[in-house]
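# Fold and geometry: a report
Listed below are the residues making up each chain.
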Amino acid sequence: MHTKETFSELISSKLKLIRTEQGLSQEELCTLVGISKKTLIQIEKRRLNANWTTTVAICALFNQSPYLHSLIGDQPIEFIRLVAYTDPSLATKTLGGHVWWTTIEHQGKYRIQQNMVSQHYRILDHDDFRWFSTFDRDEAFRKLIELRATHDEKGDTKK
């Protein structure tokens, strides 16, 4: 399971690659993110991990980074939400999971997908809206049953 600390450690371990992919000098990245050059050097030399705020800033600023997408296997901002929130119920539009995702269960208008990189699960509807995300397989299946029961009775309303 990913926590803020383990995710910050992952981003820290690849920060130099992310920075160079973006064509930024150390000074430019420091200005963008709001950290000192000394701190950045410590992170890039793996003597220190970025704090949560810096990790979130990196994911927000470089949300379209191909390297960051391949590292996480999902949209960086959505992954930040998954790690940050204890209730990751998000009815946000996705691209449908054609690259990093494998559908492991399909019931009615919902499907459970697993990310091939991070191994987390999500539930999408037939319009590719994300209804739920978790690292726990059993929790994903329980939520799928709950969603089907709730929305088969009440229609297609999003939360």
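Look up: the structure comes first, before these words.
Residues numbered from 1 in each chain as written. Predicted model: local features only at pLDDT ≥ 70, side-chain atom pairs only at ≥ 80, totals over all residues. Heavy atoms only, no water.

### Some thoughts on the nonpolar core
Generally speaking, a soluble globular protein has its nonpolar side chains buried in company with each other. Worth spelling out the cut-off: Throughout, nonpolar core names a set of buried Ala, Val, Leu, Ile, Met, Phe, Trp, Tyr and Cys residues whose side chains join them through atoms within 4.5 Å. Throughout, exposure labels follow a simple rule: accessible area from a 1.4 Å probe, protein chains only, divided by the maximum for the residue type, with under 20% read as buried, over 50% as exposed, and the rest as partly exposed. Secondary structure follows DSSP: runs of H or I at least 4 residues long count as helices, runs of E at least 2 residues long count as strands, and numbering of each begins at the N terminus. In what follows, a contact means two residues having at least one pair of non-hydrogen atoms within 4.5 Å.
Formed by 24 residues in total, the largest nonpolar core has its most connected members in Phe 7, Ile 11, Leu 29, Ile 58 and Leu 68. Among the elements of the structure, helix H1 (4–13), helix H2 (15–21), helix H3 (26–33), helix H4 (37–44), helix H5 (52–61), helix H6 (66–72) and helix H7 (76–84) are those that each provide at least two residues to this core. The residues contacting Ile 58, other than those within four sequence positions of it, are Ile 11, Leu 15, Ile 18, Leu 29, Val 33 and Leu 68. Listed in part, the nine residues of the second largest apolar core include Tyr 110, Ile 112, Trp 131 and Ala 140.

### Quick word on the pattern of salt bridges
Side chains that differ in sign of charge can pair as their charged atoms come close. Condition: Between Lys or Arg on one side and Asp or Glu on the other, a salt bridge is scored when a side-chain nitrogen of the former is within 4 Å of a carboxyl oxygen of the latter.
One pass over the full model with this rule turns up four salt bridges. In this structure, the salt-bridge partner of Arg 19 is Glu 44, at a minimum N-O distance of 2.6 Å. Of this pair, Arg 19 sits in helix H2 while Glu 44 is found in helix H4, placing the two residues 25 residues apart along the sequence. Arg 19 gets classed as buried once you look at its relative accessible area, which sits at 8%. Take Glu 44: its relative accessible area is 14%, and that puts it in the buried class. When the shortest N-O distance is used, the salt bridge between Asp 128 and Arg 111 registers 2.4 Å. Taken as a pair, Asp 128 in the loop between strand E4 (121–125) and strand E5 (129–134) and Arg 111 in strand E3 (residues 110–115) lie far apart in primary sequence, 17 residues in all. Overall, the relative accessible area of 11% leaves Arg 111 in the buried class.

### As for the packing of aromatic side chains
As a reminder, the rule being used: Within 6.5 Å between ring centres, the rings of Phe, Tyr and Trp (the latter by its six-membered ring) count as paired, and their orientation is classed by plane angle as stacked under 30 degrees, edge-to-face over 60, tilted in between.
Tallying each qualifying case throughout the model produces four aromatic pairs. The interplanar angle of 90 degrees and the centroid separation of 6.1 Å between the aromatic rings of Phe 79 and Phe 135 together place this pair among those described as edge-to-face. Residue Phe 79 is found in helix H7, and its partner Phe 135 is found in the loop between E5 and helix H8 (137–154); the two are separated by 56 residues along the sequence. Seen in terms of ring centroids, Tyr 110 and Trp 131 are 6.0 Å apart; in terms of plane orientation they differ by 90 degrees. Their pairing is edge-to-face.

Geometric descriptors of this kind do not, in isolation, establish any biological role.
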